[in-house]
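# Examination of the molecular architecture
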Amino acid sequence: MVTSKQYDVVIVGAGPAGMCAALYTGRSMLKTLVLERGIPGGELLNTEKLDDWIGEQSILGWELAKKFEDHARLFGAEFVTANVHRVTRLDDGTFETVTDEEHHYLSPAVIVTAGGTPVKLGIPGELEYAGKGVSYCAICDGAFFKGQTIAVVGGGDAAVEEAEFLTRYGAKVYVIHRRDSFRASPILVERLFANPKIEVIWNTVAEEVLGDAQGLVNGIRIRDVVTDEARVLDATGCFVFIGFRPNTGIIDGHFEHDEMGYVKTDTIMQTSIPGLFAAGDLRSQLTRQVTTAVGDATTAAIAVEKYLKARKEGHVVDPIGAGGYSS
Ligand code: NAP
């Protein structure tokens, strides 16, 4: 059934950025809708523990996610479980946000905080064995590999951090990296090297995920890119952490983005489409942390409030480069 509902602001995605934006727009008494396809939490649900959330020396990802959600709800934000497939700016400047079920939500402003999707290796067996040994989420699937041999592919923060996490389950964790040095932060690399269960396989790529008669992973064919030697690694788990693609496909129409496809915003988090704001992992920026996501979301929410006021008063509201609003 097609429905059409009106809000002051629609927020797409309920990760840290979406929930923080909802807290602030709700607190500003704006009628706020948060659309999220899964459980609220975003990447927090793929993170076992955080030790860099200021004020908490250690907090579980799901616990922080729940706190964020409860806090946003406290200020009146409405949460709906739905997959958004399109956000379009109509001729009058109103946005139409449409879900897979063809529910239409109208609002004069939208904050997109839809995060990103894990990059795939694109090798034979990867998709075939997804969920049967191939995974993109250590916290979701790590416990299935108790006492087993696990391979992690990648050399960034995610790969290094998750490899360490997986040692609590796996008897042995290999990190397969295509170069001879990590991109990951030194503190994470230090922890990795200190862990006796981890072995790094440098200058190596995964070429194929192999499976047994039951359809479960029983090996990974790898190749040393220096010697060109190939061999099969006896691993039953293959965790892939080779980056993230921003979920920008829902934005209908042209918007400015960087060379990696991340959405460009100005200093008030407005995109090149007036009234469309962005925060969190899909935004072009130096780093992607919970702290930066919530900081940018705060800015976006406050900018939305000012944008709506200016719009009501009939002021022209400029896109990127306009310099924002004075307060
Ligand atoms: P990333 O930093 O982009 O690293 C991707 C890694 O995968 C790189 O080592 C890259 O190798 C490798 N790679 C890319 N494509 C590959 C392919 N086709 N085959 C094999 N290897 C491939 O991505 P990320 O680790 O997901 O992190 C994304 C962002 O989240 C970063 O900004 C990161 O700092 C942040 N993050 C932070 C934390 C934390 O601070 N605790 C945790 C997780 C993520 P090369 O190095 O050779 O390019």
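All residue numbers refer to positions counted from 1 along the written sequence of the respective chain. Given that the model is predicted, a residue must reach a pLDDT of at least 70 before its local features are reported, and side-chain atom pairs must reach 80 or more before they are shown or counted; all residues, however, enter totals for whole chains, interfaces and linings. Hydrogens and water are ignored here; the side-chain numbers use all heavy atoms of the structure.

### With respect to the pattern of salt bridges
Here a salt bridge means any side-chain nitrogen of Lys or Arg lying within 4 Å of a carboxyl oxygen belonging to Asp or Glu. Following the criterion strictly, the structure yields twelve salt bridges and no others. Between arginine 73 and glutamate 69 there is a salt bridge, with the nearest N and O atoms lying 2.9 Å from each other. Of this pair, arginine 73 and glutamate 69 both sit in helix α2 (residues 61-74), four residues apart, which is roughly one turn of that helix. Taken together, the shared-partner salt bridges in this structure form one network comprising Glu207, Glu208, Arg221, Arg223 and Asp228. We count a stretch as a helix when DSSP gives it H or I for four or more residues in a row; a strand needs E for two or more, and each element gets its number in order from the N terminus.

### Looking at the site of the ligand
Whether a residue is near a molecule or strand depends on its heavy atoms: if one lies within 4 Å, it is near. Around the ligand, a shell composed of 16 residues is seen, among which Asp157, Glu161, Arg178, Arg179 and Arg183 lie nearest. By the criterion applied in these results, polar contacts are pairs of N or O atoms within 3.5 Å in which, for protein atoms, one can donate a hydrogen and the other can accept it, and in which residues neighboring in sequence qualify only through two side-chain atoms. Between the ligand and glycine 155, the relevant distance is 3.1 Å, taken from an oxygen atom to a main-chain nitrogen or oxygen of the residue. Throughout, the Shrake-Rupley method with a 1.4 Å probe supplies accessible areas, and for residues the shown protein chains are the sole cover considered. For the ligand, the protein covers 74% of the area, taking 920 Å² as the surface of the free molecule.

### Considerations on the side chain of threonine 97
Note that threonine 97 resides in strand β8 (residues 95-99). Any two residues whose heavy atoms approach within 4.5 Å at even a single point are treated as in contact. Discounting chain neighbours no more than four positions away, the residues touching threonine 97 are Val10, Val12, Leu35, Val84, Arg86, Val87, His103, His104, Tyr105 and Val110.

### Quick look at the domain arrangement of the protein
The split into domains, and so the bounds of each, comes from an automatic or database assignment of domains. Examined at the domain level, the protein breaks down into domain 1 (4-118 + 244-326) and domain 2 (134-240). Domain 1 puts six residues into the contact, and the matching count from domain 2 is eight residues. Interface of domain 1 and domain 2: buried area, both sides summed, is about 610 Å²; carbon and sulfur atoms make up 49% of it. Connecting domain 1 to domain 2 are one salt bridge. With its nearest N and O atoms 3.2 Å apart, the salt bridge here joins aspartate 51 to arginine 191. Viewed at the interface, domain 2 and domain 1 are joined by one residue pair in polar contact (both at pLDDT 80 or more). What gets called buried area is simply the loss in accessible area from a 1.4 Å probe that two parts show on being joined, summed for both.

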